[in-house]
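# Topology and contacts: notes
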Amino acid sequence: MIITVTLNPAIDCTMGVTGYRENAVNRADYQNLTAGGKGINISVILNRLGVATKALGFCGGETGKLLCSLLDSMECPHDMTYLANQLTRINVKLHCGDSETEINGKGAEISADVLEEFIQKLENTVSEGDIIVLAGSIPPSVPSDIYARIMKRFSGRDIRICADSSGKPLLEILPFRPFLVKPNNFELGDVLGREINTPDEALSGAYELQELGASTVLVSLAEKGAVLLTGNCDEYRIQAPSGTVKNSVGAGDSMLAGFLAGLEKTGDYRYALALGTASGSATAFSGGLAEKSEIYELFTKINRCT
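Before going into details, it helps to say that this report is about the structure given with it. (Residues numbered from 1 in each chain as written. Predicted model: local features only at pLDDT ≥ 70, side-chain atom pairs only at ≥ 80, totals over all residues. Heavy atoms only, no water.)

### Some thoughts on the overall build of the chain
Which entries qualify depends on this criterion: Numbering of helices and strands starts at the N terminus; helices are DSSP runs of H or I of at least 4 residues and strands are runs of E of at least 2. Radius of gyration: over C-alpha atoms. The globule rule applied is 2.2 Å multiplied by the number of residues raised to the 0.38 power. Throughout, the Shrake-Rupley method with a 1.4 Å probe supplies accessible areas, and for residues the shown protein chains are the sole cover considered.
The helix and strand inventory of the chain stands at ten helices and 13 strands. Its C-alpha atoms give the chain a radius of gyration of 19 Å, within 12% of the compact-globule value 19 Å for 306 residues. Overall, the chain is about 55 × 45 × 40 Å in size when its C-alpha atoms are taken along their principal axes. Looking at the chain as shown, the accessible area adds up to about 13,900 Å², and 48% of this sits on carbon and sulfur atoms.

### Section: unusual backbone geometry
The phi angle at Glu 75 is positive, at roughly 55°, despite the residue not being glycine. The topology assignment puts Glu 75 in the loop between helix 2 (61–73) and strand 5 (78–82). Backbone geometry places Cys 233, a non-glycine residue, at a positive phi of 70°. Assignment of secondary structure puts Cys 233 in the loop between strand 12 (226–229) and strand 13 (235–238).

### Observations regarding the environment of Asn 124
On the secondary structure map, Asn 124 appears in helix 3 (residues 112–125). As for Asn 124 and Lys 182, which are separated by 58 residues in sequence, their C-alpha atoms are 26 Å apart.

### Remarks on empty space enclosed by the protein
Put simply, the rule reads: Lining residues are defined by having an atom within 4 Å of a point belonging to a cavity or pocket. Those points lie on a 1 Å grid over the protein atoms alone, cavities being sets where a 1.4 Å probe fits but cannot get out and pockets being open sets with protein on both sides within 12 Å along at least five of seven lines. Grid points are joined across faces, edges and corners, and a volume is the space filled by probe spheres set on the points. Three residue categories are used. Nonpolar comprises Ala, Val, Leu, Ile, Met, Phe, Trp, Tyr, Cys and Pro, charged comprises Asp, Glu, Lys and Arg, and polar comprises the others, including Gly.
Scanning the model with the defined rule gives one cavity of 30 Å³ or more in all. Taken as a whole, the largest cavity spans an internal volume of roughly 90 Å³. Every residue lining the largest cavity is counted, 15 residues in all, and those nearest its centre are Asn 8, Pro 9, Phe 58, Thr 88 and Ala 108. The class makeup of the residues in the lining of the largest cavity is nine nonpolar, four polar and two charged.

### Description of the packing of helix 1 (residues 38–48) against helix 8 (residues 251–266)
The condition that has to hold: Orientation is described by lines fitted to C-alpha atoms, with helices fitted over the stretch in contact, and by angles between N-to-C directions that extend from 0 to 180 degrees. Between 65 and 115 degrees an angle is taken as roughly perpendicular, under 35 as roughly parallel, over 145 as roughly antiparallel, and anywhere else as oblique. Crossing chirality is assigned from the near helix's rotation relative to the far helix, an anticlockwise turn below a right angle marking it left-handed and a clockwise turn marking it right-handed. Note on contacts: a residue pair is in contact if any heavy atoms of the two residues lie within 4.5 Å.
Remark: helix 1 packs on helix 8, axes separated minimally by 8 Å, with the N-to-C direction vectors making an angle of 45°. In terms of axis orientation, helix 1 runs oblique to helix 8. Here the hand of the crossing between helix 1 and helix 8 comes out right-handed. In this structure, helix 1 contributes Lys 38, Asn 41, Ile 42, Ile 45 and Leu 46 to the contact, and helix 8 contributes Asp 253, Ser 254, Leu 256, Ala 257, Gly 258, Leu 260 and Ala 261. By residue class, the composition of the contact of helix 1 with helix 8 is seven nonpolar, three polar and two charged.

### Structural notes on the side chain of Thr 230
Note the threshold: Summary of the burial criterion: residues with accessible area below 20% of their type's maximum are buried, those above 50% are exposed, and those between are partly exposed, where the area comes from a 1.4 Å probe applied to protein chains only.
When you line up the elements, Thr 230 lands in the loop between strand 12 and strand 13. By relative accessible area, Thr 230 is classed as buried at 1%. Look past the residues within four positions of Thr 230 in its chain and what remains in contact with it is Gln 210, Ser 215, Thr 216, Tyr 236 and Tyr 269.

### Observations concerning the nonpolar core
Operational definition: To form a nonpolar core, buried Ala, Val, Leu, Ile, Met, Phe, Trp, Tyr and Cys residues must be joined to one another through side-chain atoms within 4.5 Å.
Val 133 and Leu 260 are the most contacted members of the largest nonpolar core, which totals 52 residues. Ignoring sequence-local partners within four residues, the contact set of Val 133 consists of Ile 2, Ile 3, Thr 4, Val 5, Ile 42, Cys 162, Leu 256 and Leu 260. The next biggest cluster of nonpolar side chains, apart from the first, holds 45 residues, and it includes Ile 150, Ile 161, Leu 221 and Leu 229.

### Concerning the pattern of salt bridges
Going by this rule: Counted as salt bridges are all cases of a side-chain nitrogen of Lys or Arg within 4 Å of a carboxyl oxygen of Asp or Glu.
Under the definition given, this model contains 14 salt bridges. Two residues, Asp 79 and Lys 121, come together in a salt bridge whose shortest N-O distance is 3.2 Å. On the criterion of sequence distance, the pair formed by Asp 79 in strand 5 and Lys 121 in helix 3 is long-range, its members being 42 residues apart. Accessibility expressed as a relative area gives 27% for Asp 79, which makes it partly exposed.

Just distances and angles here, no functional claims.
What follows is the structure, encoded as structure tokens:
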């Protein structure tokens, strides 16, 4: 099973507005609500691809109830830890023509006792041979090294840990030798202190993350595709399929989910990279988290071109 951890989930409210004007009343052309958070997105895609998964995280108040209801509607297995006297945050995503603007709500207050309760739940949920995915932002009330602390708790066990993180939290987990890290080119550049724009630069940066402790490194480069460096130092590159990007939210999460699904099903890194690329692109082209049929339609096209 693949268990995802989302410490800072949200209700994502997406609106499209034509002719947006500041300091005026604007009316949405469309709107929708969905359960948000990197780990949640990963679990949704994994489930759609037929891989056993469970999303763990926090929820609170009426918005927390809505979060769980939305997860149920997407048939995403979940086990949220309830926060008393707290609300699950709301993120507003505004689409105006070709521009995307986000206003992310403040994360809930999580006490040390509740955080420990959550980690114990994670320990009780995971079995030997499982994968844990640590993904997304860390609420302000939670120690910034929480991902490293979680990895330390599972040190020595037959559990693979993946991380989709950035900045200091990413650097702090590397000494614990995560099975997989998946930065995009901007996140990789931020960690290494330089711009990463090409596949060659991404591979060079991936080797540097390996030197710091990472095993497998998957770097997404948007329309330039992705590169993969395995723990055995095998290098893979893939081009992104052509298509019209409707919404970039969740594309990176979908890529990681597709990659893990492909690896779980076949153990083949080339297959996993192709399925991950198809999953990420399908989400970007569909305007929401991709359906299974959309993913495999692109997967077939990618395989014809490779």
